Structures are given as C-alpha cells and as structure tokens.
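Examination of the molecular architecture
Spelled out from the first residue to the last, the chains are:
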Amino acid sequence: MLKSMTGFGRSEIANEQQKITVEMKAVNHRYCDINVKMPKKLSIFEAAIRNLLKKYIQRGKVDVFITYEDYTENNMVLKYNEELAAEYVRVLQQMSDQFGIENDVRVSVLSRYPDVLTLEEQSIDADELWSVLEEALHKASEQFVETRLAEGENLKNDLIGKLDGMLEDVDFIEARSPEILAEHRQRLEAKVRELLGDSTIDESRIVTETTIFADKICVDEEIVRLRSHITSTRNALLEGGSIGRKLDFIAQEMNREANTILSKANDLEVANRAINLKTEIEKVREQIQNIE
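First, a word on what this report is: a plain description of the structure on this page. Within every chain, residues take consecutive numbers counted from 1 along the sequence as written. This being a predicted model, a pLDDT of at least 70 is required before a residue's local features are given, and a value of 80 or more before pairs of side-chain atoms are given or counted; all residues contribute to the totals for chains, interfaces and linings. For the side-chain quantities, the full set of heavy atoms in the structure was used; hydrogens and water were omitted.

Soluble globular proteins tend to pack their nonpolar side chains together in the buried interior. Each nonpolar core is a collection of buried residues, namely Ala, Val, Leu, Ile, Met, Phe, Trp, Tyr and Cys, held together in the definition by side-chain atoms within 4.5 Å. Buried, partly exposed and exposed residues are distinguished by accessible area as a fraction of the type maximum, computed with a 1.4 Å probe on protein chains only: under 20%, between the cut-offs, and over 50%, respectively. Of all hydrophobic cores here, the largest spans 28 residues; its most connected members are Met166, Leu237, Leu247, Met254 and Ile291. For helices the rule is a DSSP run of H or I covering at least 4 residues; for strands it is a run of E covering at least 2, with both sets numbered from the N terminus onward. Only helix H4 (126–196), helix H6 (220–239), helix H7 (244–264) and helix H8 (268–288) provide two or more residues apiece to this core. When residues of this core are assigned to their parent elements, the largest contribution, seven residues, is made by H4. Core analysis: the second largest hydrophobic core is formed by 27 residues, Ile13, Ile34, Val132 and Leu133 among them.

Attention now goes to the sheet that holds strand S2 (residues 18–27). Any two strands are treated as partners once DSSP identifies two or more bridges connecting them. Strand order across the open sheet formed by four strands is S1-S2-S4-S3, with mixed pairing between neighbours. Two strands close off the open sheet at either side, each with one partner strand: strand S1 (7–14) and strand S3 (32–37). Here the average twist between neighbouring strands, direction ignored, is 10°. Inspection of the sheet shows S2 paired to strand S4 (residues 60–70) by 10 bridges, in the antiparallel sense. In the strand pairing of S4, Glu23 is matched with Phe65. The contact criterion used throughout is that any non-hydrogen atoms of two residues lie within 4.5 Å. Axes here refer to lines fitted to C-alpha atoms; in helices the fit is confined to the stretch in contact. Angles between the N-to-C directions go from 0 to 180 degrees. The strands that helix H1 (residues 46–53) touches are S2, S3 and S4; relative to S3, the one it contacts most, it runs at about 140°.

This next bit is on the side chain of Asn255. For Asn255, the position within the fold is in helix H7. A residue is classified by how much of its surface remains accessible, and Asn255, at 19% relative accessible area, is buried. Setting aside residues up to four positions removed in sequence, Asn255 forms contacts with Lys278 and Ile281.

Across six bridges, the pairing between S3 and S4 is parallel. Among the inter-strand pairings, Val36 is bridged to a residue of S4, identified as Val64. With H1 bridging S3 and the parallel S4, this β-α-β connection has left-handed handedness. Whether a crossover is right-handed depends on one test, that the path from the first strand over the helix to the second runs clockwise when the strands point away from the viewer.

Tracing the backbone through its elements, the reader meets Arg106 in the loop between helix H2 (82–99) and helix H3 (107–110). Residue classification places Arg106 among the exposed positions, given a relative accessible area of 64%. Arg106 sits 17 residues away from Val89 along the chain, and the two C-alpha atoms are 9.8 Å apart.

This next bit is on the pattern of salt bridges. The salt bridge criterion pairs a side-chain nitrogen of Lys or Arg with a carboxyl oxygen of Asp or Glu, the two atoms within 4 Å. Going through the model one piece at a time under the given rule, you end up with 23 salt bridges. Of the charged contacts in the structure, one is a salt bridge between Asp158 and Lys162, with a shortest N-O distance of 2.9 Å. Residue Asp158 and its partner Lys162 are located together in helix H4, separated by four residues, close to a single helical turn. Between Arg256 and Glu253 there is a salt bridge, and its shortest N-O distance comes to 2.5 Å. Here Arg256 pairs with Glu253, and both are found in helix H7, just three residues apart, close to one helical turn. The partly exposed category is assigned to Arg256, whose relative accessible area is 44%. Each member of the salt-bridge network shares a partner with another, and the members are Arg10, Glu12 and Glu23.

Worth remembering: the numbers are spatial, not functional.
Right under this line is the structure:
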C-alpha cells in the first residue's frame, strides 16, 4: 500500500511501577531522519529504539518524544560513606588534641559534612523497562503507519485523477497533430493558388513543404514516452510500497517531454494543452514529495 510521509502516532503504557508515553510525528524529507528526545535514564536504549523504528519507516523526518514517569516510592536509597565519616572524625579529633579544644562533633553534625550521606537512585531492571518501552514504541509506530496509509490512499486517488486528466490532454494532442498538418497543407495550397492564379500548382513542391513542416511539429516520440511515463506512474501508485524517489524521477521525465511538445507547438490548442500538462505535472511532483 502507498504511504504518505506525514503521520502521527501516540501510545501510553502504564502499570503500578511506571508510565511511558511515546509520541511520533513526521514531515517530508528526502531520506530517513529520526530524531529521538527522551529522558537520560532511557538513553541506553537509543540504538534499539532506532532499529525498531526503522522497521516501520523508510523515509521522512520523524520526531519521536518519549516521556517516563517512575511511580516507585523506594527507588531512592540513602548511602552512608563509612570511610569518609571515619576520616572526618579522625581529623577533628586530631584538631581537638592539637589545639586543646573540646571535640563536640555529634552524629547530626557529622552527617551534614560533604558526601557523608548521599541519596542514590536504585539501579533499574533494564529488561523490564525495555519490555514496557518496546510495547509503547510498537503501538505508537503502528498508529503512525495507519495515519500514513490513510493519507497515502488519499494521495493515490488524487494523483490517479490528475494522471487521467493528463492522458486526456495527451490524447487530444495526438489526435490534433494530423489535423494541424492537413490545415497547414490547405493554407499552403490556397496561398500558392492566390499567387499563381490559374497556373498549375507544383504538387511535389507542396508535398516537400508539408513534409518539412510535419517534421518540425512532429511530437510522436514525445507522446509515446509521455504516455508510457503516465502509465508507469499509475501502475506504481496501484502497486504501492516505498516509491517516492522513483516517482519523482519519472515526474522529471514527464516534464521534459511536455516542454518539448510545447516548444514544437505551432497551434494554439496544442500549446494550451501542453501548458496544462506542465501545470498538472508540477502538481503531481508536489504531491509525490509527500510519498514515502
């Protein structure tokens, strides 16, 4: 199926110990650019997060926001640095003996000395935390892909409609070309008769001039290639998949053929159709930029 490069996904997993929220949003980008913002505690999982996301994303600039809340009340531990406290006591006693003053240090005072007591966070169970984070990432990514698929379906229908309109223009130009040639011959013969009066017209000269004109305005090759590009684009849209880059290249080729047809146009109706083709091709190119 066809995917748009714009999308959004959100998931929240909560239990008695923690809550993890994952939000994803994406815009157009030539390559796959994933930017992850998360708490420092989860940074150990960054490589695993990126590997997981790349299973769902081929192209686009994707911003991923991860929040983490810890509901555990006993996740902080008060640590007592016994060696440092003993060193404080030894030095204070040394000062008391040296200066002859009372050593009045109590436990309450000693505990306030730097680094005697420290509050440390308990180590986390990485496997348990990753299982919750992984579930949240999968659910957010699945929703993210669903929004991309829905938008991709809208893009496909819009693009196919534009391609059908372009084929109508190509059909008109193809049908109009022999009419232009016949009209040119008629005008040429009328002009020659006007100049020569009752004299005999040199038919071979008329044929030669008509042939030269036909060669100048001939767009048969351009029409064949343009029709082929339109058909290839339509088939690719129906097949789906990651086809954005391929379609962008085909659109450039379509624009090149339309430019050539316009440059050869010696008829107002054909010129108008060629201009309309260029306009529609540009619209198609803009829409293709949204396809993954």
